[in-house]
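# Descriptive structure summary
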There are 2 protein chains.
Amino acid sequence: MKNYNKQIFAGMLLATISGCQNQPNDTQVTQTELSSNDIISQKLVNQALSSTLGYDIVESLTVEVGPRLAGSEKDLIAVEWAMSKLNSLGFDKVYKESVQVPAWSRGHAKASIISPFEQPLVISALGGSVATPESGIQATIIRFDTLAALQAADPALVKGKIAFIDHKTERHISGKGYGQSVGGRSRGAVAAAEKGAVAVVIRSIGTDHDRMAHTGMMRYKDGIKKIPAAALSAPDADMINLMLKRDKDITLSLNLSSKNLGVATSYNVIAEVTGSSKPDEVVLIGAHLDSWDEGTGAIDDGAGVGIVTAAAKLIQDLPQKPARTIRVVLYAAEEVGIVGAKSYAKQHADELGLHYIAAESDFGAGEIYQIDFNVNPNVFEQVKTEHSSMTINGVTLGNNKATGGPDVSMMPSLGVPVASLRQDGTDYFDYHHTPNDTLDKIDPTALAQNVAAYAQFAYIMAQSELNLRPLAKKTDKQ
Amino acid sequence: MKNYNKQIFAGMLLATISGCQNQPNDTQVTQTELSSNDIISQKLVNQALSSTLGYDIVESLTVEVGPRLAGSEKDLIAVEWAMSKLNSLGFDKVYKESVQVPAWSRGHAKASIISPFEQPLVISALGGSVATPESGIQATIIRFDTLAALQAADPALVKGKIAFIDHKTERHISGKGYGQSVGGRSRGAVAAAEKGAVAVVIRSIGTDHDRMAHTGMMRYKDGIKKIPAAALSAPDADMINLMLKRDKDITLSLNLSSKNLGVATSYNVIAEVTGSSKPDEVVLIGAHLDSWDEGTGAIDDGAGVGIVTAAAKLIQDLPQKPARTIRVVLYAAEEVGIVGAKSYAKQHADELGLHYIAAESDFGAGEIYQIDFNVNPNVFEQVKTEHSSMTINGVTLGNNKATGGPDVSMMPSLGVPVASLRQDGTDYFDYHHTPNDTLDKIDPTALAQNVAAYAQFAYIMAQSELNLRPLAKKTDKQ
């Protein structure tokens, strides 16, 4: 958390705004400097920073629902919770849209080193993994620094073994280390099976040193044998390395009872603040409702649910609604393959031309330090100028290379502009996809700063008169 | 970790010592200021700070043995490891003494909230707990701030319920918060059963926010019903509190299969550096060899094993041994009731009059910031003066109220002086008794500072000509 002093900041804003409200005709300079959009945008910030609504929503979701794996019973309880919560907040519209999602059950996941030194290990099955045979798998391990090293390996060295991908995840404010290491999780099983491995284990994709493994989705490929896949906690991966220094021949025992359960029905849950003059045009702010099953889904993505819902609620309660509709989309089944978002894009294909811009909050509750856009390069500078009031909330105006977050990542290719409200993710991968993803990891002050930023962004975009399209082609983005 | 710069410090000492060695007859002042004991004591510091032996020993123990619960098979593997390690280090004597220890197996420990909101919980059975019936226990909970509040409760409110002791452990360099909260763990089951509770669960005795429960020993009392006892992780305890705000009626399901397995044989493992002129007099430096079963026993107490063994090894390798014998005692079964230490006191009852002083390292690997003693008040100031060279290693000379560490805690009542080399325990209870007690939690630099301090202490005490006895009565300690 930064030493950014919200109290002082809130005070500054209050002074500014109450000044404007009490003395509306004070000077021409004041009126020119602060447009009515700016005034409302700054008022939203004040309200956000003095409200606990965002945090209250995450608390409610994590305490009253908790883990909500896509396709599970709890997933449907989360949908009910969301419908009820959004209705209770008084949005103009609340509805849900069904999505077919893959269902999977974790079962147990046990592992130990059998030789040279017997040691229990802490692991987590990767999402989508098949089970081992009931008696488990016992095999020697072969270690690789990276997925690429495994892909380049001589199959003769891998055949019949358990491939161990030992890629460490680098800590970074942007979370970029995740992108560098996560391939081992998503594609490790295919790479290992192609070389004849009987299973794959990976060093957890995480930046912590807790003895907790990080789960997350993995994929199989048609025609390639499906082998079991699990993550080891960082201390366990360290231990294996120290054991390899003593003896190259390590035998591991692995036993998973995870199961793919076919297809289940889930729902994207949607709330709207109806636009006053352009109700058919949509500013979409999203988050995902599903979570992994080992924590309570607080930072991933209860935080996002709280942030975008509370931001929209502030706009819902304004005396004068903005021109465009604000649509909150709580996506289904992000964790298991951004399934709800793909479904949304299909179900709303005819309407995407009316999606003015989209953004998703799915990176915990760290403070937002920058906003990036992906809009027509010709209006990019004007878009930034429109958002200049965000800087007083600690948000720098960034570049025109936004991707928009996982659930809106397909939007630019469909012509829809996006924004990325970039959060401080320094600690995010300490807790991500582990039992440690719990409410106490969220700082209410930082969460409120996020609510403020999303409220400003959504309001400003819902009022903007710029034409954000067409987007630049990938090669000529700013 | 402190910002204390060991490199600079080591350089300072090297300059001092090499100066003295190269110019032994330099000035009378130098000779008076730096006794030969001081010179050797400071040389030990230098060697300790430039050696990785202490850390190597912890690595070896945690990687090659790992968890070693008293009375388990792994406990005997640890004893073999210790005998082999101490022998390989070339101590003058290495031997073991058998100890009868209680054996207990953890089994599984499952818990969940059934209503008002279904949630899985992360728990750990407390050491020594009986199992639940095979079908588990389902009952409503009743929450208490502290053990004392439970003890003061109306039995009618507790009868048939699961008592929940929700005492938070305060973080402090000395670890004193542990002493304030741990009664709920050790005595909670008795207090709860006396009021008619069917089980007891406690907020983990720990300072972290990890979703890991802290195990640790609990006790039953003859004539009071033995009820199952478990610890909840801090985030789970928080969640229950948030649920209680919503609904006072929380039903918990608890299922433990832990089992008391009677008595097993273990061993105190002992190594000695034989004294040159008073070999029958003993300076005892101890640690405990056993550990809880969920981590690898790195900070508790692999660190202590590494510290005292490496310290003694430095003295073993001196060209001239000190007057008294240095005895390293790696105690059995500390975790389950300081059983090895009690056995040692009995087995060595005839020899305790020759125990000059005793100290134990059992508080992780944080830097030592102070040394306290419990010696005859008349010589206390002289004892401090003798230890003045420890200050250059960051160790303040403290008070005469030492307790000496768990395994030597009975020594003062048996007339044996003790010292407490007090470590920075700020983070100790983040990891204590959890799966997170692994090698990565140890800072090698801080560990080496501990080795240096123990080597100085042991050497100085083995050379001292002071009479440390008799100890003050409790009422007139300095």
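Since the model is a prediction, treat every value here as computed from it, not as a measurement.

On to the overall build of chain A. Broken down by element type, chain A carries 15 helices and 16 strands. A globule of 478 residues ought to have a C-alpha radius of gyration of about 23 Å, and chain A, at 24 Å, matches this closely. On the principal axes, the C-alpha backbone points of chain A span a range of 80 × 45 × 45 Å. For chain A, buried positions account for 56% of its 478 residues. A sequence separation of at least 24 residues applies to 83% of the contacts in chain A between residues at least 6 apart.

Taken together, the 21 residues of chain B in the interface contact 21 residues of chain A. Among the secondary structure elements, those contributing two or more residues to the side of chain B that touches chain A are α4 (53–64) and α10 (234–246) of chain B. With five residues, the top contributor of residues to the side of chain B that touches chain A is α10 of chain B. For the side of chain B that touches chain A, a count of residues per class yields nine nonpolar, six polar and six charged.

Moving on to the sheet that holds strand β8 (residues 229–232) of chain A. All names here are of chain A. Strand order in the open sheet made by the eight strands is β3-β2-β9-β5-β6-β7-β8-β4, with mixed pairing throughout. In the strand order of this sheet, the two ends are held by β3 (119–121) and β4 (123–125), each with one partner. Sheet twist, expressed as the mean angle between neighbouring strand axes with direction ignored, is 30 degrees. Both strand β5 (residues 137–144) and strand β9 (residues 251–256) contribute to a ladder of four bridges, which runs antiparallel. Of the residues in β9, the one forming a bridge with isoleucine 137 is leucine 254. Its contacts with the sheet place helix α9 (residues 183–194) against β6 (162–165), β7 (199–203) and β8, and it is angled at close to 150 degrees to β7.

Residue and element names in this part refer to chain A. Inspection of the secondary structure puts isoleucine 205 in the loop between β7 and β8. Judged by local crowding, isoleucine 205 falls into the buried class, with 28 C-beta atoms found within 10 Å. Sequence separation between isoleucine 205 and alanine 231 is 26 residues, and the spatial gap between their C-alpha atoms is 8.0 Å.

In this section: the pairing of strand β7 (residues 199–203) of chain B. Residue and element names in this part refer to chain B. Burial within β7 is extensive, with five of its five residues counted as buried. Judged from the four bridges that link them, strand β6 (residues 162–165) and β7 form a sheet pairing that is parallel. When the sheet's bridge partners are listed, alanine 163 is paired in β7 with valine 200. The sheet contact formed by β7 and strand β8 (residues 229–232) spans four bridges and is parallel.

The next point concerns the relation of the copies chain B and chain A. Take chain B, turn it by 180 degrees, move it 0.0 Å along the axis, and it overlays chain A with an RMSD of 0.0 Å. Here the two chains are linked by the operation of a two-fold rotation axis. In terms of proximity to the rotation axis, the leading residue of chain B is aspartate 210 of chain B, whose C-alpha is 4.1 Å off the axis. With an isologous cut-off of 70% or more, the 100% of interface residues of chain B that recur at the interface of chain A puts this contact in the isologous class.

Attention now moves to the sheet that holds strand β2 (residues 109–115) of chain B. Residue and element names in this part refer to chain B. Taken in spatial order, the eight strands line up as β3-β2-β9-β5-β6-β7-β8-β4 in an open sheet, and their pairing is mixed. Each having just a single partner strand, β3 (119–121) and β4 (123–125) make up the two edges of the open sheet. Each neighbouring strand pair of the sheet contributes to a mean axis angle of 30 degrees, computed without reference to strand direction. In this fold helix α9 (residues 183–194) packs onto β6, β7 and β8, with an angle of close to 150 degrees to the strand it touches most, β7.

It is worth spelling out the environment of glycine 340 of chain A at this point. All names here are of chain A. Position of glycine 340 relative to the elements: it lies in helix α12 (residues 339–347). Since 30 C-beta atoms lie within 10 Å of it, glycine 340 is described here as buried. Glycine 340 sits 161 residues away from glycine 179 along the chain, and the two C-alpha atoms are 22 Å apart. Dropping the residues within four chain positions of it, glycine 340 is found in contact with Val99, Ser266, Asn268, His288, Tyr331, Ala332, Ala333 and Glu334.

Residue and element names in this part refer to chain B. Residue proline 116 follows serine 115 across a cis peptide bond; omega there is 10 degrees. Examined against the element boundaries, proline 116 turns out to sit in the loop between β2 and β3. Its identity is not glycine, yet isoleucine 338 carries a phi of approximately 35 degrees, on the positive side. Mapped onto the elements of the fold, isoleucine 338 is located in the loop between β12 (324–331) and α12 (339–347). With a phi close to 65 degrees, histidine 433 is a non-glycine residue in the positive phi region. Its location among the elements puts histidine 433 in the loop between α14 (428–431) and α15 (444–463).

A word on the domain arrangement of chain A. All names here are of chain A. Once the domains are mapped, chain A shows domain 1 (35–103 + 263–476) and domain 2 (107–257). For domain 1 and domain 2, the distance between their C-alpha centroids amounts to 34 Å. The interface is formed by 18 residues belonging to domain 1 together with 17 residues belonging to domain 2. Considering every element that reaches the side of domain 1 that touches domain 2, the biggest residue donor is helix α14 (residues 428–431), with three residues. When grouped by side-chain class, the residues that make up the side of domain 1 that touches domain 2 number six nonpolar, seven polar and five charged.

The next thing to look at is the pairing of β2 of chain B. Across a regular strand the side chains alternate sides, sitting on one face of the sheet and then on the other. Residues and elements named next belong to chain B. Inspection of the sheet shows β2 paired to strand β9 (residues 251–256) by six bridges, in the antiparallel sense. In the strand pairing of β9, alanine 109 is matched with leucine 256. Inspection of the sheet shows β2 paired to β3 by three bridges, in the antiparallel sense. Along β3, the bridge assignment pairs serine 112 with proline 120. Counting the residues in the hairpin turn of β2 and β3 gives three residues.

We now examine the packing of helix α4 (residues 53–64) of chain A against helix α11 (residues 298–316) of chain A. Residues and elements named next belong to chain A. As a packed pair, α4 and α11 sit with axes 8 Å apart at the nearest point and diverge in direction by 135 degrees. The pairing of α4 with α11 is recorded here as oblique in orientation. As for the relative orientation of α4 and α11, their crossing is right-handed in sense. When α4 is examined against α11, the residues Leu53, Gly54, Tyr55, Ile57, Val58, Leu61 and Thr62 are found in contact with a partner set consisting of Ala298, Gly302, Ala303, Val305, Gly306, Ile307, Thr309, Ala310 and Lys313. Residue composition of the contact of α4 with α11, grouped by class: ten nonpolar, five polar and one charged.

Before going further, it helps to examine α10 of chain B. The end-to-end C-alpha distance of α10 of chain B is 19 Å, a good match for the 18 Å that 13 residues give at a rise of 1.5 Å each. Buried within α10 of chain B are the following residues: Ala234, Pro235, Asp236, Ala237, Asp238, Met239, Ile240 and Met243 of chain B. Where α10 of chain B is buried, its residues contact α4 of chain A together with β2, β3, β6, β7 and β8 of chain B.

All names here are of chain B. Relative to the assigned elements, valine 269 resides in strand β10 (residues 259–273). The exposure class of valine 269 is buried, given the 25 C-beta atoms found within 10 Å. It is 8.8 Å that separates the C-alpha atoms of valine 269 and serine 98, two residues lying 171 residues apart in sequence. Discounting residues that sit within four places of it in the chain, valine 269 has contacts with Val79, Ala82, Met83, Leu86, Lys96, Leu289 and Leu330.

Let us now look at the packing of α11 of chain A against helix α15 (residues 444–463) of chain A. Residues and elements named next belong to chain A. Where α11 meets α15, the closest approach of the two axes is 8 Å, and the angle between their N-to-C directions is 50 degrees. Classified by the angle between their axes, α11 and α15 sit oblique to one another. Pair α11 / α15 crosses with right-handed handedness. Listed contacts from α15 to Ala303, Gly306, Ile307, Val308, Ala310, Ala311, Ala312, Leu314 and Ile315 of α11 are Leu447, Asn450, Val451, Tyr454, Ala455, Ala458 and Tyr459. Residue classes in the contact of α11 with α15 are distributed as 14 nonpolar, two polar and no charged.

Taking 1.5 Å per residue, 14 residues should reach 20 Å; helix α3 (residues 36–49) of chain A reaches 20 Å between its end C-alpha atoms and fits that length. Every buried residue belonging to α3 of chain A is among Ile40, Ser41, Gln42, Lys43, Leu44, Val45, Asn46, Gln47 and Ala48 of chain A, and all of these are buried.

All names here are of chain A. Per-chain confidence: chain A averages 93 in pLDDT, with 92% of residues scoring 70 or above. When the criterion is pLDDT under 50, residues 1–32 qualifies, and its contacts beyond four places in sequence or with other chains add up to 24 contacts. Model confidence for the complex: the whole-complex pTM is 0.93, and ipTM, which rates the interface, is 0.92.

Reading the values: rules and limits
Residues numbered from 1 in each chain as written. Chains lettered and ligands numbered in written order. Predicted model: local features only at pLDDT ≥ 70, side-chain atom pairs only at ≥ 80, totals over all residues. Helix = DSSP H or I, 4+ residues; strand = E, 2+ residues; numbered from the N terminus. Rg over C-alpha atoms; globule rule 2.2 N^0.38 Å. Buried ≥ 20, exposed ≤ 12 C-beta atoms within 10 Å, placed from the backbone. Contact = placed C-beta atoms within 7 Å. Nonpolar A, V, L, I, M, F, W, Y, C, P; charged D, E, K, R; others polar. Pairing = 2+ DSSP bridges. Axes fitted to C-alpha atoms, helices over the stretch in contact; angles between N-to-C directions. Least-squares fit on C-alpha atoms with pLDDT ≥ 70 in both. Domains from an automatic or database assignment. Parallel < 35°, antiparallel > 145°, perpendicular 65-115°, else oblique. Left-handed = near helix turned anticlockwise from the far one by under 90°. Expected span 1.5 Å × (residues − 1). pLDDT = per-residue confidence, 0-100.

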